[in-house]
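# Overview (structure and organization)
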Amino acid sequence: MRRTLLVLAAIAAVATGVAAGAPQKGFPETIRLPDGFRPEGIAISGRTFYVGSIPTGEIRRGDLRTGASRRLVAGEATGKAAIGIEVHRGRLYVAGGPTGKAFVYDARTGAAVATHQLATTADTFVNDVAILNNGAWFTDSRTPVVYRVELGRAGRPGPEVQAIALTGAIQYGPGNNANGIVAAPGGRLIIVQSNTGKLFTVTQGGVTAEIDLGGATVVNGDGLLLQGRTLYVVQNRDNKIAKIALNGRITSGRIVRYLTDPDFDVPTTIDDLGRRLYAVNARFTTPPTPTTRYDIVQLRKR
């Protein structure tokens, strides 16, 4: 009798749609975000994820094990945006895209900690962020600079903002230029130039040097993840992630494989938990509507 009741309950749950929204055991392969959310950036701390909405700046906080999420930071119709996200010492650092701003929030409560106006011109797109000990570093896809927001004691953001010109190997052109950014050994940074598919190291003085990929490129490169000498580069409109083995000096690298998933639909940024990678589907090739579906996709490193 008990078996019969369980079967009937399962059938009823599916019929009413309860099963689709119920927490799943283990770690779900896809995590549903609110319809119409339009995500881009993701950051992970432990099994907690944070994901932002491009047009409103809303931030959601969720659990990778259950897939459940809630609104952490309310969005606004104008004046806010959320592109790249980084979590560091209990705070969220958010690249503000066309606003030219950087936003900092308390990662637990969502309270605003600071807002910095990075860009001083209208032609700006503050795209991604990485953390070094002395600052939060932001790329600008329109203007050849990186911005540094100083970090003080306990990693708290200070008032100082620097716009540091990019010099050396990188040359800006039409389209999206510097996009993803990640901290690298020796106090350097690595950035990807989306329109050319080139990778560069960047000193804190803004001097760039191209990473030799042996003639290969990562066009449409977006979010970056560096683990030891392995660099993962999301190639958004190509629906794949390039896994690159770097040499010790980060002067060269080779693409060892591409990671794909049938659930990819223009993934933009990634983060990880153990052997799992999590990529956000921005769905840039799908016209956004209030009912457009958006997901985070889990795939295994290999």
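Structure shown above.
Residues numbered from 1 in each chain as written. Predicted model: local features only at pLDDT ≥ 70, side-chain atom pairs only at ≥ 80, totals over all residues. Heavy atoms only, no water.

### Considering the overall build of the chain
Assigned secondary structure in the chain consists of two helices and 25 strands. Over its C-alpha trace the chain gives a radius of gyration of 20 Å, about what one expects of a compact globule, namely 19 Å for 302 residues. Within the chain, the proportion of its 302 residues that are buried is 49%. In the structure as shown, the chain presents an accessible area of about 13,400 Å², 51% of it carried by carbon and sulfur atoms. Between the mean site of the 36 positive side-chain charges and the mean site of the 23 negative ones, the chain shows a separation of 7 Å. (Helix = DSSP H or I, 4+ residues; strand = E, 2+ residues; numbered from the N terminus. Rg over C-alpha atoms; globule rule 2.2 N^0.38 Å. Buried < 20%, exposed > 50% of the residue type's maximum accessible area, 1.4 Å probe, protein only. Areas by Shrake-Rupley, 256 points an atom, 1.4 Å probe, with all protein chains shown as cover. Lys, Arg positive; Asp, Glu negative; His and termini not counted. Charge placed at Lys NZ, Arg CZ, Asp CG, Glu CD.)

### Section: the pairing of strand β3 (residues 48–53)
Counting buried residues in β3 gives six out of six residues, a clear majority hidden from the surface. Judged by which residues are buried, β3 turns out to be covered on both faces: Thr-48, Tyr-50 and Gly-52 on one side and Phe-49, Val-51 and Ser-53 on the other are all buried. Here strand β2 (residues 39–45) pairs with β3 via five bridges, running antiparallel. Residue pairing in the sheet places Ser-45 in a bridge with Thr-48 of β3. Linking β2 to β3, which pair antiparallel, is a turn of two residues; within it Gly-46 sits at a positive phi near 65 degrees. As paired elements, β3 and strand β4 (residues 59–63) share five bridges and run antiparallel to each other. Across the sheet, residue Tyr-50 finds its bridge partner in β4, namely Arg-61. Hairpin remark: β3 followed by β4, antiparallel, with five residues in the connecting loop; positive phi at Gly-57, about 80 degrees. (Pairing = 2+ DSSP bridges.)

### Considerations on the sheet that holds strand β22 (residues 253–259)
Strand pairing in a sheet is mediated by backbone hydrogen bonds. Such pairs are either parallel or antiparallel. On the basis of which strands lie adjacent, the open sheet formed by four strands has the order β19-β20-β21-β22 and antiparallel pairing. Of all strands in the sheet, those with a lone pairing partner are β19 (221–227) and β22, marking the two edges. Sheet twist, expressed as the average angle between the axes of neighbouring strands with direction ignored, equals 25 degrees. Pairing analysis gives six bridges linking strand β21 (residues 240–246) to β22, with the strands arranged antiparallel. Residue pairing across strands places Leu-246 opposite Gly-253, the latter belonging to β22. (Axes fitted to C-alpha atoms, helices over the stretch in contact; angles between N-to-C directions.)

### Comments concerning the side chain of Thr-208
Examined against the element boundaries, Thr-208 turns out to sit in strand β18 (residues 207–210). The class of Thr-208 is buried, set by a relative accessible area of 5%. Looking at Thr-208, its side chain comes within polar contact range of the main-chain nitrogen of Ile-170, at 3.0 Å. With near-sequence residues (within four places) excluded, Thr-208 lies in contact with Leu-166, Thr-167, Gly-168, Ala-169, Ile-170, Phe-200, Thr-201 and Val-202. (Polar contact = N/O pair within 3.5 Å; in protein donor to acceptor, adjacent residues only side chain to side chain. Contact = heavy atoms within 4.5 Å.)

### A short note on the pattern of salt bridges
Under the definition given, this model contains eight salt bridges. In this structure, Arg-32 and Asp-35 form a salt bridge, with 3.1 Å as the shortest nitrogen-oxygen distance. Residue Arg-32 is classed as partly exposed on the basis of its relative accessible area, which comes to 42%. Each of Glu-58, Arg-60 and Arg-71 takes part in one network of salt bridges that share partners. (Salt bridge = Lys/Arg side-chain N within 4 Å of Asp/Glu carboxyl O.)

### Describing the nonpolar core
In terms of nonpolar packing, the biggest core is built from 19 residues, with Tyr-93, Leu-118, Ala-136, Phe-138 and Tyr-147 touching the most fellow members. Elements with a contribution of two residues or more to this core: β7 (91–95), β8 (101–106), β10 (126–132), β11 (135–140) and β12 (145–151). Leaving out residues up to four positions away in the same chain, Ala-136 has contacts with Tyr-93, Val-129, Ala-130, Ile-131, Tyr-147, Arg-148, Val-149 and Leu-151. Ile-190, Val-192, Ile-211 and Leu-231 belong to the second-largest nonpolar core, a separate cluster that totals 16 residues. (Core = buried A, V, L, I, M, F, W, Y, C linked by side-chain atoms within 4.5 Å.)

### Observations concerning the environment of Ala-111
Within the secondary structure, Ala-111 sits in the loop between β8 and β9 (112–117). For Ala-111, the contacting residues outside a window of four places in its chain are Val-104, Tyr-105 and Asp-106.

### What to know about the packing of aromatic side chains
Overall, the coordinates contain one aromatic pair when judged by the stated rule. Look at Phe-103 and Tyr-105: their rings are 6.4 Å apart centre to centre, the planes differ by 10 degrees, and that puts the pair in the stacked class. What makes Phe-103 buried here is its relative accessible area of 5%. Given a relative accessible area of 6%, Tyr-105 falls into the buried group. Lys-240 extends its terminal NZ or CZ atom over the ring of Tyr-258, reaching a point 4.0 Å from the ring centre. Looking at Arg-276, its charged tip hangs above the ring of Phe-27, at a distance of 4.0 Å from the centre. (Phe/Tyr/Trp six-rings, centres within 6.5 Å; stacked < 30°, edge-to-face > 60°. Lys NZ or Arg CZ within 6 Å of the ring centre and 35° of its normal.)

Purely geometric numbers; function is a separate question.
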